[in-house]
Amino acid sequence: EYGARGSLESAYLAFDGGWGELVLGRDTGVAQRFYEGGPTVFSLARSENPILDPSGINIARVRNDISSTAEKVSVVSPRILGFRIGGSYTPDASVRRLDLNTGETFDNMLEAELGEAWEVGIQGYHFFREADLRLRGSLTWSQASVETAIYDDVETWSYGFELEKRDVYQIGASYLTSSNGGLGDYHSMAAGGAWYWKDWAFKLSGNKSEDEALGLEGWTSTIGFGRSLGDHVDFTLGYRFAQTESNLRQFGTTQSLDREGVLLEIRISE
């Protein structure tokens, strides 16, 4: 129905110095920038926060990205003792972007029209030199006002970590919980691991999500392997099982959708 469309995804001014960083314009907020979590099997068709969703039933989001790339101002401190803190303010979080559209409304469907949004986050990094281990973690909070009368403000928390031994393995997990505008909470957790042998990467990941407002529960598990084919081409081959259950208590109905199969992802970059 829409045909071709385009979007200016990013346009901002950044000032970086000894006192930290200031960003003005169309950019992601600190809650999304500070995200930490485990590796995923696929880069685009990942099992959480997917850019491409071959199953069509994925409800897993663990990135605290309520403001998307709406126009905002962000401030991030320099890293001190391994930690940095930051905050973002977005005057209007309802936007239309290629990967996330919070500015669209549909007939006969209640949707929260977002207003101004605030985000705060802390992100830490430590290198255990003797063990050659890198540990990253983050904690973020966001709140957005809602202009739709039936909803309350949306408040979201997220946590995540990743432990990496370079060229050997990576493991990590993340968790997000949101008030969902007061009509029922949203929870999502994800974990993943990757092991490397020569030029090959072997990965697995999984997640579980629940949206109380919509009466949805979802699970996804993925396993796969891949490698680079030169400087500009990467491929991943894997198997995925996904399931989403719809439990509409007010109508006394339950429906389950299952999707499983082999996925091949080829990425070409300059």
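In what follows, the structure referred to is the one given above.
The text that follows walks through the structure, step by step, so that each part is easy to find. None of these values were measured; they are calculated from a predicted model. (Residues numbered from 1 in each chain as written. Predicted model: local features only at pLDDT ≥ 70, side-chain atom pairs only at ≥ 80, totals over all residues. Heavy atoms only, no water.)

1. Quick look at the overall build of the chain
From N to C terminus, the chain includes 1 helix and 13 strands. In sequence order, the secondary structure elements of the chain are arranged as β-β-α-β-β-β-β-β-β-β-β-β-β-β. A compact globule built from 270 residues would reach a C-alpha radius of gyration of about 18 Å, and the chain, at 20 Å, matches this within 12%. Within the chain, the proportion of its 270 residues that are buried is 40%. About 15200 Å² of surface is accessible on the chain, with carbon and sulfur atoms providing 57% of the total. Here the chain contributes 24 positively and 40 negatively charged side chains, and the mean placements of these two sets differ by 8 Å. (Helix = DSSP H or I, 4+ residues; strand = E, 2+ residues; numbered from the N terminus. Rg over C-alpha atoms; globule rule 2.2 N^0.38 Å. Buried < 20%, exposed > 50% of the residue type's maximum accessible area, 1.4 Å probe, protein only. Areas by Shrake-Rupley, 256 points an atom, 1.4 Å probe, with all protein chains shown as cover. Lys, Arg positive; Asp, Glu negative; His and termini not counted. Charge placed at Lys NZ, Arg CZ, Asp CG, Glu CD.)

2. Some words on the pattern of salt bridges
Taken as a whole and assessed by the stated rule, the structure comprises 10 salt bridges. The partner of Arg61 in a salt bridge is Asp65, and the shortest N-O contact between them spans 2.6 Å. Relative accessible area serves as the criterion here: at 13%, Asp65 is assigned to the buried category. (Salt bridge = Lys/Arg side-chain N within 4 Å of Asp/Glu carboxyl O.)

3. Thoughts on the pairing of strand S6 (residues 133-146)
Here 13 bridges tie strand S5 (residues 114-128) to S6, and the two strands are oriented antiparallel to one another. Residue Phe127 lies in a different strand from S6, and its bridge partner there is Arg134. Between the antiparallel neighbours S5 and S6 lie 4 residues, among them Asp132 with a positive phi of about 55°. (Pairing = 2+ DSSP bridges.)

4. Focus on the layout of surface pockets
Estimated volume of the second largest pocket: approximately 310 Å³. Looking at the second largest pocket, it is lined by 16 residues, and the ones nearest its centre are Gln32, Arg61, Asp65, Asp99 and Leu100. (1 Å grid on protein atoms, 1.4 Å probe; cavity = no way out; pocket = protein on both sides within 12 Å on 5 of 7 lines; lining within 4 Å. Points joined across faces, edges and corners; volume = space filled by probe spheres on them.)

5. Observations concerning the side chain of Ser67
Among the secondary structure elements, Ser67 is positioned in the loop between helix H1 (30-33) and strand S3 (71-76). When its relative accessible area of 1% is taken as the criterion, Ser67 is described as buried. Engagement of the side chain of Ser67 in a polar contact is seen with the side chain of Lys72, the distance being 3.4 Å. When near neighbours in sequence (up to four residues on either side) are disregarded, Ser67 contacts Gly29, Lys72, Thr90, Ala93 and Glu119. (Polar contact = N/O pair within 3.5 Å; in protein donor to acceptor, adjacent residues only side chain to side chain. Contact = heavy atoms within 4.5 Å.)

6. Structural notes on empty space enclosed by the protein
Per the stated rule, a full pass over the model turns up 2 cavities of 30 Å³ or more. In this structure, the largest cavity occupies an estimated 50 Å³ of space. What lines the largest cavity is Ile57, Asn58, Ile59, Ala60, Asn207, Ser209, Gly218, Trp219, Thr220, Ala242, Gln243 and Thr244. Secondary structure elements with two or more residues in the lining of the largest cavity: strand S10 (200-211), strand S11 (216-228) and strand S12 (233-248).

7. A short note on the environment of Phe225
Position of Phe225 among the secondary structure elements: in strand S11. With relative accessibility at 31%, the residue Phe225 sits in the partly exposed group. When the C-alpha positions of Phe225 and Leu264 are compared, they lie 10 Å apart, and in sequence the two are 39 residues distant. Residues contacting Phe225, with those up to four places away along its chain left out, are Trp200, Ala201, Phe202, Phe235, Thr236 and Leu237.

8. Topic: the nonpolar core
In this structure, Ile66, Ala93, Leu114, Ala117, Ala144, Val146, Tyr151 and Val154 together form the largest nonpolar core, which totals 8 residues. The set of elements that each furnish at least two residues to this core consists of S5 and S6. Those residues in contact with Ala144 that lie beyond four places of it in its chain are Ile66, Leu114, Glu116, Ala117, Asp153 and Val154. (Core = buried A, V, L, I, M, F, W, Y, C linked by side-chain atoms within 4.5 Å.)

9. Observations concerning the environment of Ser209
Looking at where Ser209 falls in the secondary structure, it is placed in strand S10. Remark: the alpha-carbon pair of Ser209 and Ala190, spanning 19 residues in sequence, is separated by 8.6 Å. Every residue in contact with Ser209, bar those within four places of it in the chain, is listed here: Ile59, Ala60, Tyr186, His187, Ser188, Leu216, Glu217 and Gly218. Separated by 2.7 Å, the side chains of Ser209 and Ser188 make a polar contact.

10. So, the packing of aromatic side chains
A full pass over the atoms with the stated rule returns 5 aromatic pairs. On the basis of an interplanar angle of 50° and a centroid distance of 5.9 Å, the ring pair of Trp200 and Phe225 is categorised as tilted. Note that Trp200 is positioned in strand S10 and Phe225 in strand S11, a separation of 25 residues in sequence. Ring plane angle 35° and centroid distance 6.3 Å describe the contact between Phe202 and Phe225, whose orientation is recorded as tilted. Remark: Phe225 occurs in strand S11 and Phe202 occurs in strand S10; sequence separation between them is 23 residues. With relative accessibility at 38%, the residue Phe202 sits in the partly exposed group. Linked through ring pairs, Trp200, Phe202, Phe225 and Phe235 together constitute an aromatic cluster. Sitting over the face of the ring of Phe127, Arg134 holds its NZ or CZ atom 4.5 Å from the ring centroid. Its end group placed over the ring of Trp200, Arg227 keeps NZ or CZ at 5.2 Å from the ring centre. (Phe/Tyr/Trp six-rings, centres within 6.5 Å; stacked < 30°, edge-to-face > 60°. Lys NZ or Arg CZ within 6 Å of the ring centre and 35° of its normal.)

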